[in-house]
Amino acid sequence: MIHSLFLINPSGDIFLEKHWKSVVSRSVCDYFLEAKEKALEPEDVPPVIHTPRHYLISIYRDKLFFLSVIQTEVPPLFVIEFLHRVAEMIQDYFGECSETVVKDNMVMVYELLEEMLDNGFPLATESNVLKEMIRPPTILRSVVNTLTGTSNIGDTLPTGQLSTIPWRRAGVKYTNNEAYFDVVEEIDAILDQSGTTVFAEIQGVVGACVKLSGMPDLTLSFMNPRLLDDVSFHPCVRYKRWESERVLSFIPPDGNFTLMTYHVNAQNLVAIPVYVKQSISFFESGSGGRLDVTVGPKQTMGKTVEGVMVTVHLPKTILSVNLTATQGSYTYDNGTKLLVWDIGKLNPQKLPNLRGSLSLQAGAPKPEENPSLNIDLKIQQLAISGLKVNRLDMFGEKYKPFKGVKYITKAGKFQVRT
Amino acid sequence: MTDSKYFTTTKKGEIFELKAELNSDKKEKKKEAVKKVIASMTVGKDVSALFPDVVNCMQTDNLELKKLVYLYLMNYAKSQPDMAIMAVNTFVKDCEDPNPLIRALAVRTMGCIRVDKITEYLCEPLRKCLKDEDPYVRKTAAVCVAKLHDINAQLVEDQGFLDTLKDLISDSNPMVVANAVAALSEIAESHPNSNLLDLNPQSINKLLTALNECTEWGQIFILDCLANYTPRDDRESQSICERVTPRLSHANSAVVLSAVKVLMKFMEMLPKDLDYYGTLLKKLAPPLVTLLSAEPELQYVALRNINLIVQKRPEILKHEMKVFFVKYNDPIYVKLEKLDIMIRLASQANIAQVLAELKEYATEVDVDFVRKAVRAIGRCAIKVEQSAERCVSTLLDLIQTKVNYVVQEAIVVIKDIFRKYPNKYESVIATLCENLDSLDEPEARAAMIWIVGEYAERIDNADELLESFLEGFHDESTQVQLQLLTAIVKLFLKKPTETQELVQQVLSLATQDSDNPDLRDRGYIYWRLLSTDPVAAKEVVLAEKPLISEETDLIEPTLLEELICHIGTLASVYHKPPSAFVEGSRGVMHKRLPLGGDIGGSPAMGAGFGAAPAVMPASLNAPVGGGLGDLFDLGGGVGMPMGAYIPPKTVWLPAMKAKGLEISGTFARRAGVIQMELVLTNKAMSVMTDFAIQFNRNSFGLAPAGPLQVLTPLGPNQTIEVSLPLSTVGPVMKMDPLNNLQVAVKNNIDVFYFSCQYPISMLFVEDGKMERQVFLATWKDIPNDNESQFQIQDCHLNSDAASNKLQGSNIFTIAKRTVEGQDMLYMAIKLSNGIWVLAELKMQAGNPNYTVSLGTRRDGEQHY
């Protein structure tokens, strides 16, 4: 099982280590740091590294490496999933996951890690269980603690720990009972030069913020559940009901959680909300080239496309750009060769355009690679797959909760080839 | 106020200051001090000097302080074992605490203190906690058994904790069950044959019930444990599959992949015509696709596993090609894996799409990725015949880009295409030749030279081209040198008149000026061939080449089967069996897919593993005795033809170890000639040729009397039986065990080694009859210590039948006498090396056990 954990910052400093079995010398990280040196980008460090005596499984998240040391055969996905949980836990407790935050809360992070694993076996990874055992820091609490001498550590057994619904504690009470759901869809797509869709799919997430007293039993149904190709549920969802009736039936965790994720990959169902007309060309002589990009709305179901942003990875030999944007503004970073054009809202009457000249470094040949465009966008109040929540019912409690559903569509990995 | 304040006191007296604070009367101050100590510890500072002071803070009602002290203890107890004893009392007391949280905490922490002395004190509290009324304590105690086992395995066994742990599998609480399974699995890993997780339909049922109710991590442990079970029949298999399928919709990707493993394995047992089989296949695709939208690290592990799954069952993902299309911002390790799977899924139906993608990738930035994309185009051409033409034209387009590394890769793969489809695409040679100068990598140069040599008759200036390479002959890598030598010889055989000078030049370069033995040898061989028999040279050098196999990159089927059983593990990421790399897993059990009722899917897997020849004792007597036993074992049928005993064939070389070649065999003595009877089976995907065999020196000078007669190439899944006559005049060297024979078998792929043991009886020669008088004299001559006795059990033969039977194996009865109801047979054996062995066989009527006394005159012979 998981032997040790090291947190490493991008410059290669180890700033936290935790061992769940015997202590492993931190020199084991040298193998990882070596691999990190070799990789061009931090993202490119291979997640599984073999050393003579150990395996190193790592993730790169929030500009930090979470590196775990393994000595026996362990499912690597188990380790990777756990490392992401650690990152989420830090985020959840301290608002962000960064080196500073971890250093500022070193002891609490250490205590939390101790609660999360025992001898390398996961012990408590549910946020609500952890929070009952170690209360997250708040200003009020720290004042109270100093005055009264009480501590952040709970001394009763967390109620969720052993029940068949470990995600919910007993005795939750709210004065305002509310349940909100966010349907967030991301479009992953690859468009080719001519604008034809090479590949497109939708990754959807139904997030929830549920603040309900007692033990509510909820049922959420969709207008068109057959749209979904594959679904993954929070453990609270009763799979049998979904199989037979296509409804989500569950006792929710308290607070924020991801109820389900799904994807839609039937090509014809995936609408592409914008089109991009682009031409990036270089002169044969090799002295420079031209760039001309226009973005327009396509299938938007009558909604406005907002937050549009185009990112171009220009070839390494580009020296400078001289462009004009009819809408929004552009920035160009010569170090990373990234051209970012922030457009904002799309106006169908007046399509935004960015054009101008590119100049190459003196003597550089015509670039070999084709730059590629990444698109960002956002559409409020629309799930592009057409998924709609039909109704939400509550059983088991008497009060009437406030309910709400929000939809939003975003671009995921939305790429246009040139 | 944040914890960073704890790091500010890095001045000289830091430890001293902390000491004072730890001993303070104020609780708050103490706690702050312990926090400072922990903070220093987490960043790797040594604060072990404070051990006694910190341990003093342990006796407290404050849970936070207690936990902090425990954290410290776990880290430093090992370095201060004597001090750690101080903590024992508190632990034992805490294990009795009314608060289950404290009981659990105590037992949990105690297990983490890896000090031998403490473990003794741990046993009693642990035993209580394993039976605690609170499931939270029981589940913690279950893990503690695994911890203790890691420190002192013997103690855990002696104390009977393993049995208690097994009982916990039937616990009413699913979390306890999951933890017990996890602990047992971890313990079982260090005892591969202990049979700790003895699974039967009842325990499987309990696990399946717990599966639905435990946490995501518990589900992983239970699923991995289920995967080790072999259902009795297809109905049980189906019912398990049905209950595991819902896990495919779990949000935790590790749960999903473990469920996939169980399903992939148990599916093997389902009849293919079953409706449910088809349904299950369809259910597997969507979750695998969903794994690819997760974080890149998860994607990577998923892709490595999908790579195995598409090789085993391509039908699952055959329509999902597009999800493997590479995205611009995928990390490089994801890109490379996706590319590999794209090729595996390429078929006539989707090849156009795939090629368009690959061409796109060939213009990307990352050089490694571009190279692999170009190679992938070549693999497509070889895999999908209909696409070859399109692939070649795509490659030509890429060559036109003149991007150096693209051109070089393209030439390497075009060479393979030429080999796969000879005489089809030679029209492109002209284009290739234009790029000759830009090639600077050995592989590309070698490929180009091969092309020029192979098609020398169609290239007008082939001699000039090759000559240009010859100038810098000594600076080239061996690969290029060898290729150049062969290419020029080919050219000479095709156009002898103009190229005589060139061939002489290259032969002298290769034979006289080179230090490389391979190159020299090849040079000499060509030279002699050319000078003695040009016709033969033509036949050898210009012989038709075997077609290259399109599936060379596939994982060998037996390995694939094993890896499928290890889906989701490190083995599946490395595509190696766990025995190959997991430390401390000596004798890991090979897992294998169950054999389905109507599926011949995994041929001879069972026979391939574990059938290592029984280890024979080292002295001569034992093998002879064992042999004698065998000789009788044959018994039974009176009408059995008289003949030497032939042991059944055993597997000597499993296919796993020999790149797909499996050898089983036995030894026999027929008409006075010792024969090695071999069965060669090709379990690889490619044709095997050029078999040869050699023995290491051995105790009786056994050597092949002729070459191995495998004349026809051995196709995939073909089996051939060969009989190899042996002589006993080879070099002699004492082996241990005496009858051990080390064999090397070579084929076109590699050389493989194995060892086997021959029955000594095979060496008994026909002229082993001895005169009575000589026998008597010799028998008396034998010194006592050269004599030994043992029993042969359970033989139901009378003395005459035995005598007849043994004679068939060249064991001759010299005399027979009956004393007190016992038949005594006196027998002589002559070994092939001229050594006589005399035996006395005592048989009692009605008693199936015989006593044999063996003796030999030659001193030291028994100990040889």
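Since this is a predicted model, take the numbers as computed values, not measurements. (Residues numbered from 1 in each chain as written. Chains lettered and ligands numbered in written order. Predicted model: local features only at pLDDT ≥ 70, side-chain atom pairs only at ≥ 80, totals over all residues. Heavy atoms only, no water.)

Brief notes about the sheet that holds strand β3 (residues 48-50) of chain A
Residues and elements named next belong to chain A.
Now for step 1: If you trace the five strands from one edge of the open sheet to the other, you get β2-β1-β5-β4-β3, paired in antiparallel fashion. Pairing within the sheet leaves two strands with one partner each, and these edge strands are β2 (14-19) and β3. Between one strand and the next, the sheet's axes are offset by a mean angle of 20 degrees, whatever the strand orientation.
Now for step 2: Pairing analysis gives three bridges linking β3 to strand β4 (residues 55-61), with the strands arranged antiparallel. The partner of I49 across the bridge, within β4, is L56. (Pairing = 2+ DSSP bridges. Helix = DSSP H or I, 4+ residues; strand = E, 2+ residues; numbered from the N terminus. Axes fitted to C-alpha atoms, helices over the stretch in contact; angles between N-to-C directions.)

With respect to the sheet that holds strand β7 (residues 740-746) of chain B
Residues and elements named next belong to chain B.
Now for step 1: A sheet is described by the order of its strands in space; here three strands give the open sequence β4-β7-β8, paired in antiparallel fashion. Every other strand in the sheet has two partners, leaving β4 (692-695) and β8 (751-757) as the edge strands with one partner each. Across the sheet, the axes of successive neighbouring strands diverge by a mean angle of 25 degrees, strand direction being ignored.
Now for step 2: Alignment of β4 against β7, held across four bridges, turns out to be antiparallel. In the sheet register, I693 faces β7, and the bridge partner there is V745.

Considerations on the side chain of T119 of chain B
Now for step 1: In this fold, T119 of chain B is placed in helix α8 (residues 116-130).
Now for step 2: Among residues more than four places away in sequence, those in contact with T119 of chain B are L148, I151 and L155 of chain B. (Contact = heavy atoms within 4.5 Å.)

Let's talk about the environment of E464 of chain B
Residue and element names in this part refer to chain B.
Now for step 1: Relative to the assigned elements, E464 resides in helix α26 (residues 462-470).
Now for step 2: Of the residues examined, E464 reaches a relative accessible area of 53% and is grouped as exposed.
Now for step 3: Along the primary structure E464 and T499 are separated by 35 residues, whereas in three dimensions their C-alpha atoms are 9.8 Å apart. (Buried < 20%, exposed > 50% of the residue type's maximum accessible area, 1.4 Å probe, protein only.)

Some details on the interface of chain B and chain A
Now for step 1: Taken together, the 100 residues of chain B in the interface contact 98 residues of chain A.
Now for step 2: Note on chain B versus chain A: buried area summed over both sides is about 8400 Å², and carbon and sulfur give 58% of it.
Now for step 3: When residues of chain B are sorted by the area they lose upon contact with chain A, W217, Y328 and L570 of chain B head the list and together hold 9% of the total.
Now for step 4: Scanning the region where chain B abuts chain A turns up eleven salt bridges.
Now for step 5: Where R108 of chain B meets E115 of chain A, a salt bridge forms, and the shortest distance between an N and an O atom there is 3.6 Å.
Now for step 6: Among the residues making up the side of chain B that touches chain A, the classes are represented as 51 nonpolar, 21 polar and 28 charged. (Buried area = accessible area lost by both parts, 1.4 Å probe. Salt bridge = Lys/Arg side-chain N within 4 Å of Asp/Glu carboxyl O. Nonpolar A, V, L, I, M, F, W, Y, C, P; charged D, E, K, R; others polar.)

A word on unusual backbone geometry
Peptide bonds are trans in most cases, and residues, glycine excluded, mostly fall at negative phi.
Now for step 1: Here K337 of chain A, not a glycine, exhibits a phi torsion of approximately 60 degrees, which is positive.
Now for step 2: The residue K337 of chain A is located in the loop between β18 (329-333) and β19 (338-344) in this model.
Now for step 3: Residue classification places K337 of chain A among the buried positions, given a relative accessible area of 10%.
Now for step 4: Backbone geometry at K402 of chain B places phi at a positive 65 degrees, although glycine is not the residue there.
Now for step 5: Among the secondary structure elements, K402 of chain B is positioned in the loop between α22 (388-400) and α23 (404-420).
Now for step 6: Taking the relative accessible area as the measure of exposure, K402 of chain B reaches 49% and is therefore partly exposed.

Focus on a negative patch on the surface
Now for step 1: Judged by side-chain charge, E464, E467, E471 and E501 of chain B come together as a negatively charged surface patch.
Now for step 2: Positionally, E501 of chain B belongs in helix α28 (residues 500-512). (Patch = residues over 30% accessible without salt bridge, like charges linked within 9 Å, V, L, I, M, F, W, Y side chains within 5 Å. Areas by Shrake-Rupley, 256 points an atom, 1.4 Å probe, with all protein chains shown as cover. Lys, Arg positive; Asp, Glu negative; His and termini not counted. Charge placed at Lys NZ, Arg CZ, Asp CG, Glu CD.)

A short note on the pattern of salt bridges
Now for step 1: A complete count under the given rule lists 51 salt bridges over all chains for this structure.
Now for step 2: Taking the shortest distance from any N to any O, the salt bridge between R313 of chain B and E268 of chain B comes out at 2.9 Å. One end of the pair, R313 of chain B, is in the loop between α18 (296-312) and α19 (332-345); the other, E268 of chain B, is in the loop between α16 (253-267) and α17 (275-291), with 45 residues separating them in the sequence.
Now for step 3: Residue classification places R313 of chain B among the buried residues on the basis of a relative accessible area of 5%.
Now for step 4: Classification of E268 of chain B by relative accessible area gives buried; the value is 3%.
Now for step 5: One salt bridge connects R304 of chain B with E337 of chain B, and the closest N-O pair in it is separated by 3.2 Å. In this pair, R304 of chain B is assigned in helix α18 and E337 of chain B in helix α19, connecting sequence segments 33 residues apart. For the pair R304 of chain B and E337 of chain B, one class covers both residues: buried.
Now for step 6: A network of salt bridges, in which partner residues are shared, links K18, E114, E115 and D118 of chain A together with K67, R108 and K147 of chain B.

Description of the domain arrangement of chain B
Now for step 1: Parsing chain B into structural domains produces domain 1 (14-230), domain 2 (346-438), domain 3 (441-532), domain 4 (650-762) and domain 5 (764-856).
Now for step 2: Domain 1 of chain B and domain 2 of chain B are separated by 59 Å when their C-alpha centres are compared. (Domains from an automatic or database assignment.)

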